[in-house]
Amino acid sequence: MTSKGNESSTSPPEDQTQGETDESAAIALPADVAGSGTMDRLVDTARDYARAAASDNTLKAYTKDWAHFTRWCRMKGAAPLPPAPELIGLYLADLAAGSRPLSVSTIDRRLSGLAWNTAQRGFTLDRKNRHIATVLAGIKRKHARPPVQKEAILAQDILAMVATLPQDLRGLRDRALLLIGYAGGLRRSEIVALDRHKGDTPDSGGWVEIMDGGALLTLNAKTGWREVEIGRGSSDFSCPVRALEQWLHFARIDFGPVFVRTARDGTRALDTRLNDKHVARLIKQTVEDAGLRPELSKADRARLYSGHSLRAGLASSAEVDERYIQKQLGHASAEMTRRYQRRRDRFRVNLTKAAGL
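Residues numbered from 1 in each chain as written. Predicted model: local features only at pLDDT ≥ 70, side-chain atom pairs only at ≥ 80, totals over all residues. Heavy atoms only, no water.

Student: It is not clear to me how the packing of aromatic side chains should be interpreted in this structure. Could you clarify?
Tutor: Each pair of aromatic rings is reported with the distance of its centres and the angle of its planes. Going through the model one piece at a time under the given rule, you end up with six aromatic pairs. Seen in terms of ring centroids, Y62 and W116 are 5.5 Å apart; in terms of plane orientation they differ by 40 degrees. Their pairing is tilted. Of this pair, Y62 sits in helix 2 (residues 56-76) while W116 sits in helix 4 (residues 104-120); the two residues are 54 residues apart in sequence, bridging distant segments of the chain. This pair shows no difference in class: Y62 is buried, exactly as W116 is. (Phe/Tyr/Trp six-rings, centres within 6.5 Å; stacked < 30°, edge-to-face > 60°. Helix = DSSP H or I, 4+ residues; strand = E, 2+ residues; numbered from the N terminus. Buried < 20%, exposed > 50% of the residue type's maximum accessible area, 1.4 Å probe, protein only.)

Spelled out as structure tokens, the structure:
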């Protein structure tokens, strides 16, 4: 790697065009600015902010997208930078019609990954260019399929799931995790990013305040900072706030991450924050243990349920005005909220009868 004082912000090193994994490496001093301790520290600070521009999962996906594209370019004897629209169009066509064709949604995501990566390297990828837009439009017209939605976990489902958990510290944690995630309509990354108080840890994604009426969650979410109110339930067994209080009390958590790992014997809370993959695994396992959708195979159930099942469950179960659900889920539009609702409004309004038939 070249020194910071000689690195150009508009001409990235050759290895960056070959799938470099650190997306912040392109941030450097201009070639005509001399390096110094102060300026070098500012470069490091700017790189830290660049890493925080997107979620870890998004950055990992974009890194894989770029690595795949640069590998494809090497196999075809082409240079990935600067991005040639004609080449991008051929790449998309290969993704759709190759030996292992990808879904339209994955191809669309790959293109977003390429646009993001080229921007980080000082170039612009014009998605509206005819060589890209026309090919993508044809792929969508020919190969698009109805979206595969995750199954919603309804109220009776979540209660059956938490009933399968053991009566130890790990069970208390997982019960609180599921109920808080469900009642808050939270993403799995939002659940595990919670801290006990504001500013407890550098990697915090929000914090919890427990009040008489319920719990107030302040989240640094996908769409920006927002507050989520979780009221107390109708019974101790179903109350997410009560479950959270019990976990915090018995785990002796008064600082740092709310949801942490436990010792192997399930009797002691550790300091390590849970990974969001734990939420997905927990949902799949408790769905299986509770016997939901018994007509499906284990593999089909695992594909059908995920972290999004909690958000879809709240959106489908809560019999309140749609705007309250939209606010709870943090959606920018009512249309996005409706995508999460499963069967909630089907045939509630009968236009056939309203039309006189």
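After that view of the structure, there is still more to cover.
Student: Honestly, the packing of helix 3 (residues 85-97) against helix 5 (residues 130-143) in this entry has me stumped. Any pointers?
Tutor: Relative placement of two packed helices is described by the angle separating their axes and the distance separating the axes. Interaxial distance between helix 3 and helix 5 falls to 8 Å at its minimum, and their mutual angle equals 15 degrees. Judged by the inter-axis angle, helix 3 sits roughly parallel to helix 5. Where helix 3 crosses over helix 5, the handedness of that crossing is right-handed. Here helix 3 contributes P85, E86, I88, G89, L92, A93 and A96 to the contact with helix 5, which in turn contributes H131, I132, V135, L136, I139 and H143. (Axes fitted to C-alpha atoms, helices over the stretch in contact; angles between N-to-C directions. Parallel < 35°, antiparallel > 145°, perpendicular 65-115°, else oblique. Left-handed = near helix turned anticlockwise from the far one by under 90°. Contact = heavy atoms within 4.5 Å.)

Student: It is not clear to me how the sheet that holds strand 2 (residues 206-210) should be interpreted in this structure. Could you clarify?
Tutor: To summarise the sheet geometry, strands pair through backbone hydrogen bonds and adopt either a parallel or an antiparallel arrangement. Ordered by their spatial adjacency, four strands build an open sheet running 1-2-3-4, and the pairing between neighbours is mixed. Strand pairing shows two members of the sheet lacking a second neighbour, strand 1 (194-195) and strand 4 (224-231), which therefore form its edges. Direction of pairing for strand 1 relative to strand 2: parallel, over a ladder of two bridges. Counted as the bridge partner of D195 is W207 from strand 2. In the packing of helix 9 (residues 240-250) onto the sheet, the strands contacted are strand 2, strand 3 (214-221) and strand 4, and the crossing angle to strand 2 comes to about 100 degrees. (Pairing = 2+ DSSP bridges.)

Student: Whenever I open this one, the pairing of strand 2 confuses me. Can you help?
Tutor: The two faces of the sheet receive side chains in turn, since in a regular strand these alternate between them. With five bridges joining them, strand 2 and strand 3 adopt antiparallel strand pairing. Looking at the pairing, E209 lines up with L216 of strand 3. As consecutive antiparallel partners, strand 2 and strand 3 are separated by three residues.

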